[in-house]
Amino acid sequence: MAGTGAHPLARAEHFIWLTARVLEQRRFAHRFLDGDPDPVETALTAYRNEDGGYAHALEPDLRGPVSQPLHTAHALGVLDSIGRCEGLRAERICRYLSDVSTKEGALPALLPLQRGYPAAPFVPLVDDPPAELLATGPIVGLLHRNEVWHAWLFRATDFCWSAVDALEQSHPYEIEAAIAFLDGAPDRTRAERAADRLGRLVRGQRLAVLDPARRAEYPVAPGYAPGEHHFPHDYARTPGSLARRWFTDEELERSLDHLAAEQQEDGGWPVNWRQWAPGTALEGRPLVTLRALETLRSYGRPLG
């Protein structure tokens, strides 16, 4: 068992064993300790409902037993990380996505079924929720990247293109959803053009902190928590992302230095979004820690 050693990975391992849910423990073991993927999928299955969607606070800011698109996007990310976003698994999920889509064939952020169960106050609950790029983009991009073909994807892809093309004023999470779509979109020429435009938008609207030492000078998006800034590494999670072109080498290195320095004394990384219930911070930190480790490793940063 790892102690609180000096190396970032050893410290993170101690934090994961100390605080994480079984799913995040299994994911850490698979990604960083050469663990088998089967236990990851077994742990994920506990969150799946009979309708093919996922629930039970898989996405910590939504509690309760009802399936939601944001939970399902989270589940797809887990399956993608173990190379199992395919076949019957993908078919079952796409069938659920078809069932809960709006008339545009895309996904709302939160279905009204959530009413009566706890949810983060910054996720609006309405009776007839609109389709949103925030919910649809990451799922469509991931399915395309895994070469999944399903009838649901046709209209959902068209919706994402229209939403991306219409972006003029935006906020960091919506831009992250857009780039997640563009990184997987089959039309690479169109995706590169759209990403170039979004990069100019991000820089023009100062949606990325380009110098962490001066982050107090950058605006925080309306509705975000105080200090809920986003950095180049939040957009360009891997060197292969189209968002990598938005930033100079120096800007990205500063961003990664900042990310590495954010590791806390207990070995985990902090959450910077608004906290509204005790459990969400406890469950969110291991997720953020896994993402930080993945990002640093993808850029070749030493983890020990």
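What counts as what
- Residues numbered from 1 in each chain as written.
- Predicted model: local features only at pLDDT ≥ 70, side-chain atom pairs only at ≥ 80, totals over all residues.
- Heavy atoms only, no water.
- Helix = DSSP H or I, 4+ residues; strand = E, 2+ residues; numbered from the N terminus.
- Contact = heavy atoms within 4.5 Å.
- Axes fitted to C-alpha atoms, helices over the stretch in contact; angles between N-to-C directions.
- Left-handed = near helix turned anticlockwise from the far one by under 90°.
- Nonpolar A, V, L, I, M, F, W, Y, C, P; charged D, E, K, R; others polar.
- Expected span 1.5 Å × (residues − 1).
- Buried < 20%, exposed > 50% of the residue type's maximum accessible area, 1.4 Å probe, protein only.
- Arc of directions from axis to C-beta.

## Quick notes on the environment of Leu110
Then step 1. Relative to the elements of secondary structure, Leu110 occurs in the loop between α5 (87-100) and α6 (133-145).
Then step 2. Once residues within four sequence positions are removed from consideration, Leu110 is found in contact with Leu62, Gln68, Val123, Pro124, Leu125 and Pro129.

## Here we look at the packing of helix α7 (residues 152-166) against helix α9 (residues 188-204)
Then step 1. Running from amino to carboxyl end, α7 crosses α9 at an angle of 30 degrees, the nearest separation of the two axes being 10 Å. Here α7 and α9 pass one another in a crossing that is left-handed. Here Trp161, Val164, Asp165 and Ala166 of α7 come into contact with α9, specifically with Arg190, Ala191, Ala194, Arg197 and Leu198.
Then step 2. Of the residues belonging to the contact of α7 with α9, the class tally is six nonpolar, no polar and three charged.

## Structural notes on helix α11 (residues 249-261)
Then step 1. The end-to-end C-alpha separation of α11 is 18 Å, in line with the 18 Å expected for 13 residues at 1.5 Å each.
Then step 2. Along α11, the residues that are buried comprise Glu251, Leu252, Ser255, Leu256, His258 and Leu259. The buried residues of α11 occupy an angular sector of 155 degrees when the element is viewed end-on, so they sit on one face. The exposed set on the far side of α11, more than 90 degrees from its buried face, consists of Asp249, Glu250 and Ala261.

What is shown is where atoms sit, not what they do.
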